[in-house]
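# Per-entry structural report
Below are the chains, spelled out letter by letter.
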Amino acid sequence: MEGMIKRNWEYVCDHNKENAKILGEENVDPRCEDSENKFDFSVMSYNILSQDLLEDNSHLYRHCRRPVLHWSFRFPNILKEIKHFDADVLCLQEVQEDHYGKEIRPSLESLGYHCEYKMRTGRKPDGCAICFKHSKFSLLSVNPVEFYRRDIPLLDRDNIGLVLLLQPKMPCAASPAICVANTHLLYNPRRGDIKLTQLAMLLAEISSVAHQRDGSFCPIVMCGDFNSVPGSPLYSFIKEGRLNYEGLAIGKVSGQEQSSRGQRILSIPIWPPNLGISQNCVYEVQQVPKVETSDGDLTQTQLEKTEVLVTAEKLSSSLQHHFSLSSVYSHYFPDTGIPEVTTCHSRSAITVDYIFYSAEKEDVAGHPGAVALAGGLKLLARLSLLTEEDLWTVNGLPNENNSSDHLPLLAKFRLEL
Ligand code: KL2
């Protein structure tokens, strides 16, 4: 098709190549003797550009031909793309409520997806959806996260996250659940303090959802538009599991902008104790059976417990989390060093979208018991991204064929039992 840019499937490990290829084309594994010990699934993360936000920020789309910006033009293209890639799990951002109810949800349901949706708080009517194939998973729990807190001045923004716990449908063997999280963090390049706190809130929810009886975590996939670039402090925190933020300017956290003149540095701690989330990004009051007073307040015992934990770690300027997360993409083309981009319009062409996953630990591969504890997924393949230059050959985004200002990210994973 004219003006259509080709994206290739990249097979990550050589020894996976053959199987991944077969899976991509047929979705069946002919090696039947093995198929009961593994579960393969694909994940798409896609910011589909809400029509309201497109119209609010119309200066970003002056390079586009008018007709390609209409929802009536964009939606069929987006749906065609989703249908074509046929991912087992969709994590969508900027899903506008009216379009979701009238068009997106019914269309996806007719493609065999179960859909869950969380709208942001406040006045802008868009949100995040996680949809999964009925044929592949059953739903164990739905956990929306609101980042707005009336009682915390820092948290005055309306972004949200959504965390699902899914049970793989396996023919024989019992599989652990898979935790799938989706979010769209705050855009404002200057407010890294809010972005980091929103991320900590999402990680705390993931901890609580993915936590298994034996103290380990089930496999995790965390997708979304993090409004932060590769190598930024926020990104490094996700990947390294640790961030020393002492002296860090709030405008430097996400790396979206170069300059941060005259900007405040992050306070220690970044968020106030009454958020109830530790510097390790877990809830301080762990699922204590909730005893609510008549006006919905926490009981005295729960409050005391929170205070004790917070005092103990008061002076540390370091954040941590408990997962070992890898990124599906490497963010640069290996041969040229040119950056991959996930979003491209008249103001910027950068990576802000990610699929993170809990990677299988190589060093425990010989010990079946330990592998299960690691909660690891194996990355089989990803759909290659593009460079900014590639995208300007088709007039940037959105264009005739690509109907968002973001590209969809796609990965194929394997859970080995
Ligand atoms: O960068 V985005 O686009 O991940 O694709 O996330 C936000 C921005 C989205 C939700 O807030 O709306 C876009 N300048 C540019 N883009 C903006 C602005 C702005 N001032 N405000 C919101 N967005």
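All values reported here derive from a predicted model rather than from experimental measurement.

## Topic: the site of the ligand
- Taken together, N47, L53, N57, L60, E94, R120, H184, Y187, D225, N227 and H406 make up the full set of residues near the ligand.
- Contact distances for the ligand include 3.5 Å between a nitrogen atom and a side-chain N or O atom of N57.
- Contact distances for the ligand include 2.5 Å between an oxygen atom and a side-chain N or O atom of H406.
- Per-class residue counts for the shell around the ligand are three nonpolar, five polar and three charged.

## What about helix α7 (residues 233-240)?
- Of the residues making up α7, those classed as buried are P233, L234, Y235, F237 and I238.
- For α7, the elements touching its buried residues are α6 (192-210), β9 (220-225), β10 (242-244), β11 (318-320), β12 (325-327) and β15 (353-358).
- One or two steps after α7, the chain reaches G241, where phi turns positive at roughly 80 degrees.

## Looking at the sheet that holds strand β17 (residues 409-416)
- Strand order in the open sheet formed by seven strands is β1-β16-β17-β2-β3-β5-β4, with mixed pairing between adjacent strands. Since the sheet does not close on itself, it has two edges, and those belong to β1 (9-11) and β4 (113-119), each with one partner. Taken over all neighbouring pairs, the strand axes of this sheet differ in orientation by 20 degrees on average, direction set aside.
- The pairing of strand β16 (residues 378-383) with β17 spans four bridges and is antiparallel. Residue L379 lies in a different strand from β17, and its bridge partner there is F413.
- Lying on the sheet, helix α4 (residues 71-85) is in contact with β2 (38-47), β3 (89-96), β4, β16 and β17; it crosses β2 at an angle near 165 degrees.
- Sheet strands in contact with helix α5 (residues 97-110) are β3, β4 and β5 (126-133), and its direction is about 165 degrees off that of β4.

## A closer look at the packing of aromatic side chains
- This model, assessed by the stated rule, comprises 14 aromatic pairs.
- With a centroid separation of 5.1 Å and 20 degrees between ring planes, the pair formed by Y354 and F356 is classed as stacked. No difference in accessibility class separates Y354 from F356, as the two residues are buried.
- Members of the aromatic cluster, joined through ring pairs, are F39, F41, F132, F137, Y357 and F413.
- K136 extends its terminal NZ or CZ atom over the ring of F39, reaching a point 4.9 Å from the ring centre.
- Here the basic side chain of K412 rests over the ring of W9, its NZ or CZ set 4.1 Å away from the ring centre.

Scoring rules and cut-offs
One numbering rule holds for all chains: residues counted from 1, following each sequence as written. Where totals are concerned, whole chains, interfaces and linings use all residues; where local detail is concerned, this predicted model gives features only for residues with pLDDT of at least 70, and gives and counts side-chain atom pairs only at 80 or more. The basis for every side-chain value is the complete set of non-hydrogen atoms in the structure, without hydrogens or water. We define proximity as follows: a residue is near a molecule or strand when any one of its heavy atoms falls within 4 Å of that partner. N or O atoms closer than or at 3.5 Å make up a polar contact, with two conditions inside protein: a donor-capable atom paired with an acceptor-capable one, and, for residues adjacent in sequence, both atoms drawn from side chains. In the scheme used here, Gly and all other residues not listed as nonpolar or charged are polar, with Ala, Val, Leu, Ile, Met, Phe, Trp, Tyr, Cys and Pro taken as nonpolar and Asp, Glu, Lys and Arg as charged. The classification of residues rests on relative accessible area computed with a 1.4 Å probe and restricted to protein chains. Under 20% of the type maximum is buried, over 50% is exposed, and intermediate values are partly exposed. In DSSP terms, a helix is any run of H or I states spanning at least four residues, a strand is any run of E spanning at least two, and both are numbered starting from the N terminus. Contacts: residue pairs with any heavy atoms within 4.5 Å of one another. Pairing between strands is defined by DSSP: at least two bridges between them are needed. Between N-to-C directions, angles cover 0 to 180 degrees, with each direction set by a line fitted to C-alpha atoms, over the stretch in contact for helices. Two rings belonging to Phe, Tyr or Trp (six-membered ring only in the last case) form a pair when the distance between their centres is within 6.5 Å. Interplanar angles under 30 degrees mark stacking, angles over 60 mark edge-to-face geometry, and anything in between is tilted. We count a charge as sitting over a ring when the NZ of a lysine or the CZ of an arginine lies within 6 Å of the ring centre and within 35 degrees of the ring normal.

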